[in-house]
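# Topology and contacts: notes
Listed below are the residues making up each chain.
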There are 2 protein chains.
Amino acid sequence: MNVEKQLAYIKEQTMKKNAYGYVSGLIGWDSAATNSPKMGYDKKYQYAGILAGEEYKITTDPALKMAVLEAAQSMADIEDVRDRAMVREWKKTIERMEKIPKEEYTAYVELLGKSEMVWETAKEENDFDSFKTYYQQIFDYQKKFAEYYGYEGHPYNALLEDFEPGMTVEKLDIFFKELREEVVPLLKQIIKAKAANPEAFAFINRPVAKDKQDQFSRQLLNHIKYDLERGVLAESEHPFTNGLTQHDVRVTTHYVEDNFASAIFSTTHEGGHGIYEQQQDETLEDRGLRNGASAAIHESQSRMYENIFGRSIEFWKPLYPEMQSLFGDALTDVDLESYHRAINMVEASLVRVDADELTYPLHIMVRYELEKALLEGKIAIDDLSKAWNEKMVEYLGIEPPSHSLGVLQDVHWAAGLVGYFPSYALGNAYAAQILHYMKKDIDVFGDLEKGNFERIHKWLGEKIHQHGLVYLPEELIERATGESFNPKYYVRYLKEKFGEVYNLA
Amino acid sequence: MNVEKQLAYIKEQTMKKNAYGYVSGLIGWDSAATNSPKMGYDKKYQYAGILAGEEYKITTDPALKMAVLEAAQSMADIEDVRDRAMVREWKKTIERMEKIPKEEYTAYVELLGKSEMVWETAKEENDFDSFKTYYQQIFDYQKKFAEYYGYEGHPYNALLEDFEPGMTVEKLDIFFKELREEVVPLLKQIIKAKAANPEAFAFINRPVAKDKQDQFSRQLLNHIKYDLERGVLAESEHPFTNGLTQHDVRVTTHYVEDNFASAIFSTTHEGGHGIYEQQQDETLEDRGLRNGASAAIHESQSRMYENIFGRSIEFWKPLYPEMQSLFGDALTDVDLESYHRAINMVEASLVRVDADELTYPLHIMVRYELEKALLEGKIAIDDLSKAWNEKMVEYLGIEPPSHSLGVLQDVHWAAGLVGYFPSYALGNAYAAQILHYMKKDIDVFGDLEKGNFERIHKWLGEKIHQHGLVYLPEELIERATGESFNPKYYVRYLKEKFGEVYNLA
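All of the points below concern the structure found in this document. (Residues numbered from 1 in each chain as written. Chains lettered and ligands numbered in written order. Predicted model: local features only at pLDDT ≥ 70, side-chain atom pairs only at ≥ 80, totals over all residues. Heavy atoms only, no water.)

Turning our attention to the pairing of strand β1 (residues 231–235) of chain B. As a general feature of sheets, a regular strand has side chains that alternate between the two faces. Residues and elements named next belong to chain B. Summarising burial for β1: 4 of the 5 residues are buried, a large majority. The sheet contact formed by β1 and strand β3 (residues 248–253) spans 5 bridges and is parallel. Bridged to Glu 235 within β3 is Thr 253. (Buried < 20%, exposed > 50% of the residue type's maximum accessible area, 1.4 Å probe, protein only. Helix = DSSP H or I, 4+ residues; strand = E, 2+ residues; numbered from the N terminus. Pairing = 2+ DSSP bridges.)

Moving on: a negative patch on the surface. On the surface, a cluster of negative charge is contributed by A:Glu116, A:Glu120, A:Glu124 and A:Glu125. Turning to its location among the elements, A:Glu116 is positioned in helix α5 (residues 102–124). (Patch = residues over 30% accessible without salt bridge, like charges linked within 9 Å, V, L, I, M, F, W, Y side chains within 5 Å. Areas by Shrake-Rupley, 256 points an atom, 1.4 Å probe, with all protein chains shown as cover. Salt bridge = Lys/Arg side-chain N within 4 Å of Asp/Glu carboxyl O. Lys, Arg positive; Asp, Glu negative; His and termini not counted. Charge placed at Lys NZ, Arg CZ, Asp CG, Glu CD.)

On to the packing of helix α8 (residues 169–193) of chain A against helix α14 (residues 360–376) of chain A, then. Each pair of packed helices can be described by the angle between their axes along with the distance between the axes. Residues and elements named next belong to chain A. Relative orientation of the contacting elements α8 and α14 amounts to 140°, with a least axis distance of 10 Å. Compared by their axis directions, α8 and α14 come out oblique. Pair α8 / α14 crosses with left-handed handedness. Residue-level contacts link Val 169, Leu 172, Asp 173, Phe 176, Leu 179, Arg 180, Val 183, Val 184 and Leu 187 of α8 to Pro 361, Leu 362, Ile 364, Met 365, Tyr 368, Glu 369 and Lys 372 of α14. Per-class residue counts for the contact of α8 with α14 are 12 nonpolar, no polar and 4 charged. (Axes fitted to C-alpha atoms, helices over the stretch in contact; angles between N-to-C directions. Parallel < 35°, antiparallel > 145°, perpendicular 65-115°, else oblique. Left-handed = near helix turned anticlockwise from the far one by under 90°. Contact = heavy atoms within 4.5 Å. Nonpolar A, V, L, I, M, F, W, Y, C, P; charged D, E, K, R; others polar.)

For the rest of this paragraph, the subject is unusual backbone geometry. Residues and elements named next belong to chain B. The residue Lys 225 is not glycine, and still its phi comes out positive at about 75°. Positionally, Lys 225 belongs in the loop between α9 (210–223) and β1. For Lys 225, a relative accessible area of 27% gives the class partly exposed. In this structure, Asn 503 is a non-glycine residue whose phi angle is positive, near 50°.

In this section: the packing of aromatic side chains. Each aromatic ring pair is summarised here by two numbers: the centre-to-centre distance and the angle between the ring planes. The final tally for this structure, using the stated rule, is 71 aromatic pairs over all chains. Considering the side-chain rings of A:Tyr156 and A:Tyr368, the 5.5 Å spacing of their centres and the 75° angle between planes classify their relative orientation as edge-to-face. Taken together, the residues A:Tyr156 in helix α7 (residues 156–163) and A:Tyr368 in helix α14 connect sequence positions 212 residues apart. A:Tyr368 matches A:Tyr156 in its accessibility class, with the two residues each being buried. With a centroid separation of 5.6 Å and 45° between ring planes, the pair formed by B:Tyr141 and B:Phe145 is classed as tilted. Placement of both B:Tyr141 and B:Phe145 in helix α6 (residues 128–149) is noted, with a separation of 4 residues, approximately one turn of the helix. Linked through ring pairs, A:Phe128, A:Phe131, A:Tyr134, A:Tyr135, A:Phe139, A:Phe163, A:Tyr360, A:Trp388, A:Trp413, A:Tyr420, A:Phe421 and A:Tyr424 together constitute an aromatic cluster. One Lys or Arg, A:Arg311, reaches over the ring of A:Phe265 and ends 3.9 Å from the middle of that ring. In this arrangement the basic side chain of B:Arg479 is found over the ring face of B:Tyr471, its NZ or CZ atom lying 4.1 Å from the centre. (Phe/Tyr/Trp six-rings, centres within 6.5 Å; stacked < 30°, edge-to-face > 60°. Lys NZ or Arg CZ within 6 Å of the ring centre and 35° of its normal.)

Right, let's get into the relation of the copies chain B and chain A. The transformation that overlays chain B on chain A combines an axial shift of 0.0 Å with a rotation of 180°, and the residual RMSD is 0.0 Å. Such a combination of rotation and displacement between the chain copies is what one expects of a two-fold axis. Among all residues of chain B, the one whose C-alpha sits closest to the rotation axis is B:Val23, at a distance of 3.4 Å. Both copies present the same face, since 97% of the interface residues in chain B are matched by interface residues at the equivalent positions in chain A. (Least-squares fit on C-alpha atoms with pLDDT ≥ 70 in both.)

Our next topic: the side chain of B:Gln213. Residue and element names in this part refer to chain B. Here Gln 213 lies in helix α9. A relative accessible area of 2% means that Gln 213 is categorised as buried. Once you skip the residues sitting within four places of it in the chain, Gln 213 turns out to touch Val 208, Tyr 255, Val 256, Glu 257, Phe 260, Ala 263 and Phe 327.

This part covers helix α18 (residues 454–463) of chain B. Owing to its 3.6 residues per turn, the α-helix aligns residues three or four sequence positions apart on the same side. Among all positions of α18(B), only B:Ile456, B:His457, B:Trp459, B:Leu460 and B:Gly461 are buried. Of the surrounding elements, those touching the buried residues of α18(B) are α10 (260–278), α11 (295–309), α16 (422–441), α17 (444–450) and α19 (473–481) of chain B.

The partner chain A presents 33 residues to the 34 residues of chain B that form the contact. Interface area for chain B against chain A, summed over the two sides, is near 3,000 Å², with a carbon-plus-sulfur share of 66%. On the chain B side of the interface with chain A, the three residues burying the most area are B:Pro37, B:Met39 and B:Tyr47, jointly 19% of the side's total. Inspection of the chain B/chain A interface yields 6 salt bridges. The closest approach of N and O atoms between B:Glu54 and A:Lys16, which form a salt bridge, is 3.5 Å. Across the chain B-chain A interface, the total number found is 11 residue pairs in polar contact (both at pLDDT 80 or more). Contributing elements (two or more residues each) for the side of chain B that touches chain A: α1 (3–32), α2 (41–59), β1 and β3 of chain B. It is α1(B) that provides the largest number of residues to the side of chain B that touches chain A, a total of 11 residues. Classifying every residue of the side of chain B that touches chain A gives 14 nonpolar, 8 polar and 12 charged. (Buried area = accessible area lost by both parts, 1.4 Å probe. Polar contact = N/O pair within 3.5 Å; in protein donor to acceptor, adjacent residues only side chain to side chain.)

With that out of the way, let us pick up the side chain of B:Ser423. Mapped onto the elements, B:Ser423 comes out in helix α16. Since its relative accessible area comes to 3%, B:Ser423 is described here as buried.

Rendered as structure tokens:
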């Protein structure tokens, strides 16, 4: 086969894989974002399993493997960078899959199936002991998998490859060292400086009817240029983005009557994810490159819209009067400045998903350090909950009163996602670096103040969004900003922003 | 392979086919009953096409064919009637598929793809001429297919097999003769007897807010024992039922603000379809026997709930006060008897889907006679619109003023559904026959008057619903009622009911 034929065959199989991906996305959407009956779940998941088996056959098709490996050897003859990326991604998928013996992988998948269910009960019942054996087995598998995959430096690098290709422990250690040295003291300073009167922000829990929140969420999405004609806004228990196809990128939010800010920031967060996918180049879907460069790059866009834009005072200048008039009594006596301070309240708290912009990365640091230590064998699963609590005290100054509010709070480890957590913090840090360079080209906060997203939309579209998975995260960041990943922009952003909000010297 | 192994293999392939069926159902639901973005349709249908290709591979798998044919030869050794039905259905599917040369079938499917689009425009623009060539080609194909399939008696019998297995022109002719001789004169009598004042029923177009109609639709579904915990009620342009799985049978309705009765009868109609699927035996899905015995049997259940129950005065005795209090001003000055007469108004009208209970089968008769004549070559496509109009005058006494309100009104022929129309009228007739025998066992209208669906639900469940596609329609009707299909019950039901409503001698 010549390289054209190889590419044509790979594209054909990619489209087939896309079709199964579409279906599994739609099944997920139907379960989480519509009122589909729970009684139907058994059969639904039975069918989803059958289809996953069919999809697996594509990935393990020997003809595909041959086409991919041969094409990979002729990379120099492939002119189109998107085709090269397609071959690169398939090669990685096939090679990584082949490195894990099939029986071990099957046993592992079965373990995860049970593990998630056991975790749910364990969390509910604050029962760390009953879950320990799963942690043990999952981390044992992960250690073994790291050896199978192979790595340079730290075994954790082998796992990072699944989530943030090119990222390493060596780089992450520098990143988290900055956070430890700069953000931990900043938090202590803020806690000391905080106004004695939390009553001042009680308005944030005034009730607002859900239909008004829904209406405002739609206004918000329009405002930031998420395209509702090529997407859907629905409600779900946990907000998420589901890019079914290029022109059908759906987002959800969650309305809480006495916490209207919850939906606002879920909507802007998911809206950011959604805009990223809506702006990817149309030709990427057929090459399997449409869902973004990595979890952290995706997260950089959601955090950009949620935090950097969405929690700035400039963003709210044009929007706040609209929200006031829509929400009526809830906000008539609250001025913009009070609202802005309220949505930037910093507080050391126990649960990652509820954390504010400043303390959030410290929660990630706890997890990253524990994952590393577990892989190195420096701590035992028996001591995991204790170690968690000690780090919470060290970085956030508070101690979880239970396993449920401590080590058992996240599903990630129970779902086998070891090495994923850093993506969240990296997302924030990428966003800050991108912001720094975007500000060199356009007056970002001036535009926010005018309620004009035209230039921001275009800049992010050109520099980040359109490229999808054509470039790996490292190269994408370097192309967009002219320098490789540099955590100093993030630390500087946090210090400047919260210094200002809290009037620190 | 022994017969157990054959059955096991067939079941495995059946489940795989079910999985693809599930997906295509879900994709259909997502398009019609949610606000999924139109911009995403292109890709969605591209993926649906890829998956349909994968599904086709199951049906054409030589190993499946061998297992089915071998099992069919050992029918006597298969103890379970459900397994025998599974083998019977696969055998029919495979054999019918093989009778059509593949290239012809592919060309035909492509023709239909275009034809539906052209039909839509032709209907909009009242342009019969531009659509004639499609009618010609589609009916030519159907004639050829009938020859490929083979038949006894009339070629139409070969086509009926797809929709109402066992039904024949010979039986249908007797059925429609009864309608022609009994219902056509009855309609003329009613039109003569009708009160001169149509203003008396003007209340039926008073506005009722959609959310109230939605609330009442849910009450109605609960009332008739459709299980909302194992289904969904949503809104769509054209109401439909979508049985995704045994415990996830979804229905839709359509709310029109100034025509509240529209949603009421759509909801009871689809509710009837839904109840049929919800009550099928749990073990049928894995054998591919879960979607009912035939289109006409399915329709018999929807018409039972919509017309026989839903348009009876007994049904409304307990419900009408509830509806009055919910709909407020719209009904406060309307008594039950006026409402009952309004929902049973008979009027010769042009459009099948808007027809009342009495004139509905006459619309079907027009289509049936034309289909037969076309297959026999007794009329030419050029004369089809004229022939349609003549029959409308003969049976309903009115002449369509346009092709759009005449021959172009239904999508069926454009979609290749030749031989389907009789199912609608048969559904009504089956329902009347079933009712006759149900009344021997239980006081149907007494129960309706009490608002008690327990016994009706159980009777229909045992006699009809649970059996799914285990028995062919003919056998099912005979088992449920003790006699084979007999149109006299339907004609008698119509004469009695409308004689009473219109006080005919």
